[in-house]
Amino acid sequence: MASMFENPPGNSAAWILALDDALRAAVGERELVYLIETPILLEAPLSPPYCRQVLVWNENLLPAMDLAAYLRPGKPVRRAQTLAGVFAYQAEPDALPAYGALLLAGIPERTRVADDHACPLPKQPAGWRTLAISCFRRGDDPIPVLDLPHLFTGGLLATV
């Protein structure tokens, strides 16, 4: 008998992230490692508009990226509450995990994704092509899957 935590072949678990009141994205189940409610954010001068803050987590200084600000530059970001999610990623296949933070508008929602849920990336906002490696459909909504190594290793700087 299979455990309720095992994924059937062609099925994956993911976290759906609320980036603001309307934008959603996803990460793999094991990439979200910690949530911080009302994080203490420190200003990072001379940084891009989508990464103006950092936070301290486990004695590490992490960039606190605001992907809603990246996707909709110049528009105010609306969040009912501010959370920070700490995410693990590997910059290289055999590298130790590294960490970064994303500002979130709500508690992530766990979901299961099957191969037949794949869909094209949304055309709007245009920045999804830079942020995401794939996309799946939940009901009528496309949910881009974030490319965390690209995000946290300076990949967005080349596109600003």
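Note that this is a predicted model, so its numbers are computed, not measured.

Novice: Just to check I follow, could you spell out the nonpolar core for this structure?
Specialist: Soluble, globular proteins show a tendency: their nonpolar side chains are buried together. By size, the foremost hydrophobic cluster in this structure holds 26 residues, and its most contacted members are Leu19, Met65, Leu67, Leu102, Leu131, Leu146 and Leu148. Counting residues per element, the ones that place at least two in this core are β2 (24-28), α1 (67-71), β7 (83-89), β8 (98-104), α2 (128-131) and α3 (148-152). In terms of residues, this core owes the most to one element, α1, which gives five residues. Excluding anything up to four places from it in sequence, Met65 contacts Tyr50, Cys51, Ala101, Leu102, Leu103, Leu151, Phe152 and Leu156. Listed in part, the nine residues of the second largest apolar core include Trp57, Leu62, Ala64 and Leu103.

Novice: Looking at this structure, I do not really get the sheet that holds β7. What am I missing?
Specialist: Across a sheet, paired strands are connected by hydrogen bonds in the backbone, their directions being either parallel or antiparallel. One open sheet holds the six strands; their spatial order is β3-β7-β8-β6-β5-β4, and the pairing between them is mixed. Each end of this open sheet is capped by a strand with a single partner; those strands are β3 (32-37) and β4 (42-43). Two elements, β4 and strand β5 (residues 53-57), share two bridges in a ladder whose sense is antiparallel. Each bridged residue has a counterpart across the sheet, and for Glu43 the counterpart in β5 is Gln53.

Novice: Help me understand the pattern of salt bridges, please; the structure alone is not making it clear to me.
Specialist: When their charged atoms lie close together, side chains carrying opposite charge are able to pair. Under the criterion given, the structure shown has three salt bridges. Its salt-bridge partner being Arg72, residue Asp20 comes within 3.0 Å of it at the nearest N-O pair. With a gap of 52 residues between them, Asp20 in the loop between β1 (11-18) and β2 and Arg72 in the loop between α1 and β7 connect regions that are remote in the sequence. The class of Arg72 is partly exposed, set by a relative accessible area of 26%. Here Arg110 makes a salt bridge to Glu29, at a shortest N to O gap of 2.2 Å. Highlighted residues: Arg110 in strand β9 (residues 109-114) and Glu29 in the loop between β2 and β3, separated in sequence by 81 residues.

Novice: Looking at this structure, how should I read the side chain of Asp66?
Specialist: The residue Asp66 is located in the loop between β6 (60-65) and α1 in this model. Overall, the relative accessible area of 12% leaves Asp66 in the buried class. Among the polar contacts listed, one links the side chain of Asp66 to the backbone nitrogen of Ala68, at a separation of 3.3 Å. Sequence-distant contacts of Asp66, defined by excluding residues within four places in its chain, comprise Tyr50, Val77, Arg79 and Leu103.

What counts, and at which threshold
Residues numbered from 1 in each chain as written. Predicted model: local features only at pLDDT ≥ 70, side-chain atom pairs only at ≥ 80, totals over all residues. Heavy atoms only, no water. Core = buried A, V, L, I, M, F, W, Y, C linked by side-chain atoms within 4.5 Å. Buried < 20%, exposed > 50% of the residue type's maximum accessible area, 1.4 Å probe, protein only. Helix = DSSP H or I, 4+ residues; strand = E, 2+ residues; numbered from the N terminus. Contact = heavy atoms within 4.5 Å. Pairing = 2+ DSSP bridges. Salt bridge = Lys/Arg side-chain N within 4 Å of Asp/Glu carboxyl O. Polar contact = N/O pair within 3.5 Å; in protein donor to acceptor, adjacent residues only side chain to side chain.

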